[in-house]
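Now for the letters of each chain:
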Amino acid sequence: MSLGQLQVMSAIEQCRSAALGGHVERCQDCGHSRIAYNSCRNRHCPKCQGAAAQDWLAAREADLLPVGYFHVVFTLPAEISPIAYQNKAVVYDLLFRTAAETLLTIAADPKHLGARIGATAVLHSWGSTMTHHPHVHMIVPGGGISLDGTRWVRCKPGFLLPVQVLSRLFRRLFLTALADAHAAGRLAFFGEIDGLRRRKAFDAYLAPLKRKNWFVYTKPPFAGPEAVLAYLARYTHRVAISNSRLVALDERGVTFHYKDYRRNGPARYGKMTLSADEFIRRFLLHVLPKGFHRIRHYGLLASASCKANIARAKELIADPMPTAEPTAAHRTADPHTTDHRPPCPCCGGRMIIVEVFARGGSPRGPPSSSAGIRI
């Protein structure tokens with residue numbers, strides 16, 4: 001196990017426990033009190049990411065355009081997976097860059113859309129059963145600004161770009177970039193793939209992938225901007241598995257829900273039980289390198305010029321689609337002032353902090369018979 005994986009394990013074990021300290025909250029209305037332990041705030045912790053997702057989505061709401069949005073996925077073939085696991089920072093970055101370049105290049109081609117488009121990309125390294133499966137999800141507005149900057153170019157109804165063209169360019173760009181990284185000595189190889197250190201062996205390993213079909217697909221547009229936000233909430237701040245999928249922990253191991261995408265109907269959904277050590281091993285496969293950004297923006301949505309591009313795009317869209325009212329959570333959210341504390345369980349009143357205690361400490365006295373609730 002790496003130091004990063006050990007740190008994630010330690011953070012999740014201590015999250016919302018007395019080891020991290022906490023505070024005592026008291027209801028302003030009925031006086032009910034409870035203890036709330038501090039969170040670890042580790043980005044891999046499933047308990048800590050709910051509030052972070054709400055704040056991030058609230059900040060993104062203003063950037064939504066009044067057009068349909070497409071969901072595009074770029075997936076690396078299974079043969080690349082072991083190389084990616086041993087070289088996460090390099091290979092995941094190549095995945096981001098080549099997928100974005102593919103999308104922007106094909107969209108700018110006059111034979112296709114002939115426009116400058118934008119995309120929000122989110123890295124996922126897992127499948128439904130938590131195996132290593134690197135791919136990038138992209139949320140893409142259904143159109144872009146013309147190359148001369150004078151008009152908004154809409155895509156065809158229900159169609160963004162040809163997936164076969166995207167797949168071939170993505171394959172070429174990624175394999176070229178991966179070969180360049182190997183030549184520059186940026187890749188490391190251990191264990192079963194140690195032999196790929198040699199350039200000839202590496203080239204021979206990649207040769208069949210130049211003829212293989214790489215998986216790229218696009219889904220039809222979402223039903224309005226509110227649906228985009230709801231979708232992003234499930235994808236942006238989650239690693240490997242969400243708490244809602246966990247079913248049981250017993251002597252057999254950990255049981256959780258999974259989805260088999262190769263099947264249809266009721267057979268597509270099932271339950272899987274893994275031994276505790278295997279469950280932890282699969283979860284830790286997806287720990288990211290320190291400082292690695294798993295949410296990135298490209299094209300019109302790139303951070304440097306996003307606000308100006310969004311304003312220009314809204315100006316050029318002549319016939320905007322009606323936008324749904326944002327939910328109350330998004331309408332009032334402020335990433336700097338949002339209070340994520342649950343209301344009083346007795347009367348629904350506002351809870352205020354009346355005492356703070358340090359790591360490993362405890363409050364001066366039990367606030368009530370229901371104290372000790374972890375939130």
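Residues numbered from 1 in each chain as written. Predicted model: local features only at pLDDT ≥ 70, side-chain atom pairs only at ≥ 80, totals over all residues. Heavy atoms only, no water.

Thoughts on the sheet that holds strand S8 (residues 152-154)
The strand order S4-S7-S8 describes an open sheet built from three strands, whose pairing is antiparallel. Each of the sheet's edge strands pairs with one partner strand only, and the pair in question is strand S4 (115-116) and S8. By the bridge criterion, three bridges tie strand S7 (residues 143-146) to S8 in an arrangement that is antiparallel. Residue pairing in the sheet places Gly-144 in a bridge with Val-153 of S8. Most of the contacts of helix H9 (residues 306-316) go to S7, to which it runs at about 95°, and overall it touches S4, S7 and S8. (Pairing = 2+ DSSP bridges. Helix = DSSP H or I, 4+ residues; strand = E, 2+ residues; numbered from the N terminus. Contact = heavy atoms within 4.5 Å. Axes fitted to C-alpha atoms, helices over the stretch in contact; angles between N-to-C directions.)

What about the sheet that holds strand S12 (residues 269-274)?
Taken together, three strands build an open sheet; the order of strands is S10-S11-S12 and the sheet is antiparallel. The open sheet is flanked by strand S10 (246-250) and S12, the only strands paired with a single partner. With strand direction ignored, the average angle separating the axes of adjacent strands in the sheet is 20°. Two strands pair when backbone bridges link them, and S10 and strand S11 (residues 253-259) are joined in this way by four bridges, in the antiparallel orientation. Bridge pairing links Leu-249 to Val-254 in S11. Running at roughly 110° to S12, helix H8 (residues 276-284) makes contact with S10, S11 and S12 of the sheet.

Quick look at H9
Listed in full, the buried residues belonging to H9 are Cys-306, Asn-309, Ile-310, Ala-313 and Leu-316. Around the axis of H9, the buried residues are gathered within 130° of arc, so they sit on the same side. Facing away from the buried side of H9 by more than 90 degrees, the exposed set consists of Lys-307, Ala-308 and Glu-315. Contact partners of the buried residues in H9: S4, S7, S8 and strand S13 (295-299). (Buried < 20%, exposed > 50% of the residue type's maximum accessible area, 1.4 Å probe, protein only. Arc of directions from axis to C-beta.)

Quick word on the pattern of salt bridges
Inspection of every chain in the model, using the stated rule, returns eleven salt bridges. Of the charged contacts, one joins Lys-212 and Glu-79 as a salt bridge, the two residues approaching to 3.0 Å between their closest N and O atoms. With a gap of 133 residues between them, Lys-212 in the loop between helix H6 (199-206) and strand S9 (216-219) and Glu-79 in the loop between strand S3 (69-75) and helix H3 (81-86) connect regions that are remote in the sequence. A residue is classified by how much of its surface remains accessible, and Glu-79, at 29% relative accessible area, is partly exposed. A salt bridge links Glu-315 to Arg-312, with the shortest nitrogen-to-oxygen separation between them at 3.1 Å. In this pair, Glu-315 and Arg-312 both sit in helix H9, three residues apart, roughly one turn of the helix. In this structure Glu-315 comes out as exposed when scored by relative accessible area, which is 58%. Take Arg-312: its relative accessible area is 31%, and that puts it in the partly exposed class. The structure contains a network of salt bridges with shared partners spanning Asp-93, Arg-97 and Arg-296. (Salt bridge = Lys/Arg side-chain N within 4 Å of Asp/Glu carboxyl O.)

A word on the confidence of the model for the chain
Across the chain, pLDDT averages 85, with 90% of residues at or above 70. Counting contacts from residues 319-337, a segment whose pLDDT is below 50, to residues more than four positions away or on other chains yields 21 contacts. Confidence drops under pLDDT 50 across residues 369-375; counting only partners more than four residues distant or on other chains, this segment forms 15 contacts. (pLDDT = per-residue confidence, 0-100.)

Quick notes on the pairing of strand S1 (residues 22-27)
Here S1 lies mainly inside the structure; five of its six residues are buried. Hairpin geometry of S1 and strand S2 (residues 33-37) is characterised by an intervening segment of five residues between the two adjacent antiparallel strands and by a positive phi of about 85° at Gly-31. Sheet analysis places S1 next to strand S14 (residues 351-357), joined by six bridges and oriented antiparallel. Residue pairing in the sheet places Cys-27 in a bridge with Met-351 of S14.

A look at the environment of Leu-169
By the secondary structure assignment, Leu-169 is in helix H5 (residues 163-183). Taking the C-alpha atoms as reference, Leu-169 lies 6.1 Å from Thr-102; in sequence the two are 67 residues apart.

Here we look at the nonpolar core
Val-91, Leu-103, Met-138, Phe-170, Phe-174 and Leu-178 are the most contacted members of the largest nonpolar core, which totals 52 residues. Elements that contribute at least two residues to this core include exactly S3, H3, helix H4 (88-108), strand S5 (118-126), strand S6 (132-141), H5 and H6. It is H4 that provides the largest number of residues to this core, a total of eleven residues. By size, the runner-up hydrophobic cluster in this structure holds 22 residues, among which are Leu-65, Tyr-231, Tyr-235 and Ile-310. (Core = buried A, V, L, I, M, F, W, Y, C linked by side-chain atoms within 4.5 Å.)

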